[in-house]
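# Tertiary structure, described
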Amino acid sequence: MRREPDPGQPSSHGGPHLSDDLDLARKATRRRAVQVASLLALLVILVAFVVENAQRVKIHFVFFSKDVRPIWLMLTCAILGGAVGYLVGRPGKQVGRPGKHEGKVPKKP
């Protein structure tokens, strides 16, 4: 009859802990490779986008017109949109969402 090793004790061949550590390391390496590939793809798209939108065009604002590069206009809109989204969505300041303690009846001792 063979005796099984105690799950808490590592066996002579490294046991399940070594295998789990290798799997975690492989997953972390794979995740990092996917992140780097995604970042490179986004960088290539961004460079192509800037090159395509480098020429000046006439933009008609409400009260005036100006020759600008579309990339600067889009970047300005993105920054303004991010700032407004942050201000509206920051914790404790959401529009239309009650606060943490609103609507609760305090408990009596």
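Residues numbered from 1 in each chain as written. Predicted model: local features only at pLDDT ≥ 70, side-chain atom pairs only at ≥ 80, totals over all residues. Heavy atoms only, no water.

### Digging into the overall build of the protein chain
The criterion, for reference: Secondary structure counts use DSSP, requiring at least four H or I residues in a row for a helix and at least two E residues in a row for a strand, with both numbered from the N terminus. To sort residues, take the accessible area from a 1.4 Å probe on protein chains only and compare it with the maximum for the residue type: under 20% means buried, over 50% means exposed, and anything in between is partly exposed. By definition, residues are in contact when any of their heavy atoms lie within 4.5 Å. For the area figures, the Shrake-Rupley method with a 1.4 Å probe applies, and any residue is considered shielded solely by the protein chains shown.
A count of helical and extended segments in the protein chain gives 2 helices and 2 strands. When the helices and strands of the protein chain are read in sequence order from the N terminus, they spell out α-β-β-α. Per-residue burial for the protein chain yields a buried fraction of 6% across its 109 residues. Put simply, of all contacts in the protein chain between residues at least 6 apart along the chain, 3% involve residues at least 24 apart. As presented, the protein chain carries roughly 10,500 Å² of accessible surface, and 65% of it is formed by carbon and sulfur atoms.

### Brief notes about the pairing of strand β2 (residues 65-68)
Keep this limit in mind: Pairing between two strands requires that DSSP report at least two bridges joining them.
Pairing of strand β1 (residues 57-60) with β2 involves 4 bridges; the strand directions are antiparallel. If you follow Val57 over to β2, its bridge partner there is Val68. The turn joining β1 and β2, which pair antiparallel and follow one another in sequence, is formed by 4 residues.

### Side note on a nonpolar patch on the surface
Let me state the cut-off plainly: Residues forming no salt bridge and having over 30% relative accessible area are the ones grouped into patches, like charges within 9 Å of each other and nonpolar side chains (Val, Leu, Ile, Met, Phe, Trp, Tyr) within 5 Å. In the sections that follow, a salt bridge refers to a side-chain nitrogen of Lys or Arg positioned within 4 Å of a carboxyl oxygen of Asp or Glu.
A cluster of nonpolar residues, Val36, Leu40, Leu43, Leu46, Val47, Phe49, Val50, Val51 and Met74, forms a patch on the protein surface that exposes about 780 Å² of accessible area. In terms of residue count, helix α1 (residues 15-52) provides more of the nonpolar patch than any other element does, 8 residues in total. Mapped onto the fold, Phe49 is located in helix α1. For Phe49, a relative accessible area of 35% translates into the label partly exposed.

### A few points about the confidence of the model for the protein chain
Applied cut-off: Per-residue confidence from the predictor is reported as pLDDT, a score between 0 and 100.
Chain-level statistics for the protein chain give a pLDDT mean of 77 and a share of 69% at 70 or above. Averaged pLDDT values for the elements of the protein chain fall to 85 in α1 and rise to 90 in β2.

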